[in-house]
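Next come the chains, spelled out residue by residue.
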Amino acid sequence: MPTTFTNNWKNILDKLQSVLRTEFKNTLPVYVGEANEKAGSQYLRLDPVGSDLIEYNSLSESREYSINIFMYFADKSQSRTKLDAVLRLVSRIESLIVDNVNMTFTNENSATERLHNCRIESTQLDAVEDDTENYVVLLDFKTLHMGNFS
């Protein structure tokens, strides 16, 4: 007998992508993918990392999902103006996630679900030093989700 499931990864990535796209409109493209596909002079790439089981019982489970948010800037120079722009954008994303610490979405089965404790746990500037074309910032996004209800 086949199992019934909800693709929590898709729902979480879709919601995070929607929140970021709503904030930045067309000024900062956001896409999901493991490989870097250049999307302009600056853009965001969401890369799912993994999940950890936090709580498990006979009725449901709670998992912490980890997603890397990569910010790409085509300017690799060390200018103060570029660094100010990078730091301003990092601060804006961190603030946006704080403003959306809980996110509500509808899954593909039309059930309303919530993400809890959404946060940026760490930020690494110039995260991909061997990238000669881009200045890359890595933001470590984490969230809790309760699902797999019986």
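In this text, all values refer to a predicted model and were calculated from it rather than measured experimentally. (Residues numbered from 1 in each chain as written. Predicted model: local features only at pLDDT ≥ 70, side-chain atom pairs only at ≥ 80, totals over all residues. Heavy atoms only, no water.)

Here we take up the sheet that holds strand β5 (residues 112-124). Spatial ordering of the open sheet is given by β1-β2-β3-β6-β5-β4, a layout of six strands whose pairing is mixed. The open sheet has two edge strands, β1 (30-32) and β4 (103-106), and neither has a second partner. Each adjacent strand pair in this sheet contributes to an overall mean axis angle of 35°, direction not counted. Sheet analysis places strand β3 (residues 61-73) next to strand β6 (residues 135-147), joined by 13 bridges and oriented antiparallel. Across the sheet, Y72 pairs through a bridge with V136, a residue of β6. (Pairing = 2+ DSSP bridges. Helix = DSSP H or I, 4+ residues; strand = E, 2+ residues; numbered from the N terminus. Axes fitted to C-alpha atoms, helices over the stretch in contact; angles between N-to-C directions.)

The next subject is the pairing of strand β2 (residues 42-56). Sheet analysis places β1 next to β2, joined by three bridges and oriented parallel. Each residue of the ladder has a partner; that of V32, found in β2, is L46. Relative to β3, β2 runs antiparallel, the two sharing 13 bridges. Each residue of the ladder has a partner; that of L46, found in β3, is I69. Linkage of β2 to β3, two consecutive antiparallel strands, is achieved through a turn of four residues.

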